[in-house]
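Architecture and fold: a report
Here is what each chain is made of, one letter per residue.
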Amino acid sequence: MPASAAVAEETAAKAPEMTWHNVATANVGGQAWSDVKAPFDRLPARAEKIVRPEVWTLSRDSSGLSVDFETNAAKFTVRWKLNTPELSFAHMTGTGVSGVDVYVQDDAGWHYLETGKPAAYPDNQVDVAAPRGRDGEAVHYRLYLPLYNGVSSVEVGVPAGAKLKFIDPPQAEKPVVIYGTSITQGCSASRPGMAYPAILGRRLGREVVNLGFSGNGKTEPEVATLLAELDPAVLVIDSLPNLSPELLAERMPGFIEIFRKSHPETPILLVQNPIYPTIPLKASPYEKVMRSSELLAGIYADRVAAGDKQIGLVAASDWSVDGGDATVDGVHPTDVGFVMLADKLEPQLREALKSKL
């Protein structure tokens, strides 16, 4: 027997027997509909015939989906099977596009623990050790799924004899739903846990549904009709980066009204366009961004004047400060930009969750 084969056989013999636990739709957090075509889709199966093909394709990305579980294993393994072979983009890392993140809960809240780096298509895995000093203890973990790729299966393996149970999303507590663009979907976070909806979910201790559609957050009535099926604690509309001022004026009032007819008391937060880092230097983005944010403020004022007491306006996050280093390309935020977005949204979300806008 060749030496390499003998080593491989010896290694396999020493490897502990693993018990694998398959993640089911019921275990997935951040998923607004259960009647999905595939287990990790973000829109219901019937949406394929309702929304534009581009929106449907993007809805197969697992952005914002997460899995909570508890295990006493000293080490566990996560396996995930990707839907598409494009592991990374020119302006976004493979860990963000196709990787997974593991966070651990402690007395202070959630803390980053490990990232699963995508190495190949379609099968990937990452070994995760329990936090130091917590061996044998039942530890609560959160697994975030890829932002710009989909997954057809996700499994968590623990050594034989170790316990693992999935913690299903709370049914009694309404989620926060965020509708938006590539920025909402998570471009260009370095890893899944750094998209701003994920950051907000950890900070608020509440399920957050990410309905960002890259380049296609066009504020269409068909999408508003789907959103009206949901019962969120708060609806956040963050779609200005994908709208010209003309399209904003045409579509936003009707989009809000479709949702509002079914949800007269649900808080809605309208988010102004981020102030891109090039704003102080380039006339074209300056005019578009400032005009769009001005129009949104007018739409907000009209709603308030008409008696809507459950609507708020979130001022633009300013990415032009400190030299303008909060994006990868002038539009899509780095992790720094995502933290800035979360900082801007968090106070008003907390007030909205108390129905005090």
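Structure report, in brief. (Residues numbered from 1 in each chain as written. Predicted model: local features only at pLDDT ≥ 70, side-chain atom pairs only at ≥ 80, totals over all residues. Heavy atoms only, no water.)

Attention now moves to the pairing of strand β14 (residues 268–271). Because side chains alternate across β14, one face comprises the buried residues I268 and L270, and the other comprises L269 and V271, equally buried. By the bridge criterion, 3 bridges tie strand β13 (residues 234–238) to β14 in an arrangement that is parallel. Bridge pairing links I237 to L270 in β14. Running through helix α7 (residues 245–262), the crossover from β13 to the neighbouring parallel element β14 is right-handed. By the bridge criterion, 4 bridges tie β14 to strand β15 (residues 311–314) in an arrangement that is parallel. Of the residues in β15, the one forming a bridge with I268 is I311. (Buried < 20%, exposed > 50% of the residue type's maximum accessible area, 1.4 Å probe, protein only. Helix = DSSP H or I, 4+ residues; strand = E, 2+ residues; numbered from the N terminus. Pairing = 2+ DSSP bridges. Right-handed = clockwise from strand over helix to strand, strands pointing away.)

Among the nonpolar cores identified, the biggest contains 39 residues, and Y196, L200, V236, L345 and L349 are the most heavily contacted of them. Taken together, the elements giving at least two residues each to this core come down to β11 (176–180), α5 (196–204), β13, β14 and α9 (335–353). Ranked by residues supplied to this core, first place goes to α9 with 6 residues. With residues up to four places along the chain from it excluded, the contact list for L345 reads Y196, L200, V236, L269, V271 and V314. In terms of nonpolar packing, the next biggest core, distinct from the first, is built from 32 residues, L43, L58, I268 and L295 among them. (Core = buried A, V, L, I, M, F, W, Y, C linked by side-chain atoms within 4.5 Å. Contact = heavy atoms within 4.5 Å.)

This next bit is on the packing of aromatic side chains. For the structure on display, the rule yields 10 aromatic pairs. Summarising the aromatic geometry, the rings of F69 and F76 are spaced 5.3 Å apart at their centres and angled 90° between planes, so their arrangement reads as edge-to-face. Pair check on accessibility: F69 and F76 agree, each one buried. With a centroid separation of 5.2 Å and an interplanar angle of 25°, the aromatic rings of Y179 and F255 are classed as stacked. Residue Y179 is located in strand β11, and its partner F255 is located in helix α7; the two are separated by 76 residues in the primary sequence. By relative accessible area, which is 0% here, Y179 ends up buried. Residue classification places F255 among the buried residues on the basis of a relative accessible area of 2%. Pairwise contacts between aromatic rings join F69, F76 and Y141 into one cluster. Geometry around W20 places R79 over its ring, the cationic atom sitting 3.5 Å from the centre. (Phe/Tyr/Trp six-rings, centres within 6.5 Å; stacked < 30°, edge-to-face > 60°. Lys NZ or Arg CZ within 6 Å of the ring centre and 35° of its normal.)

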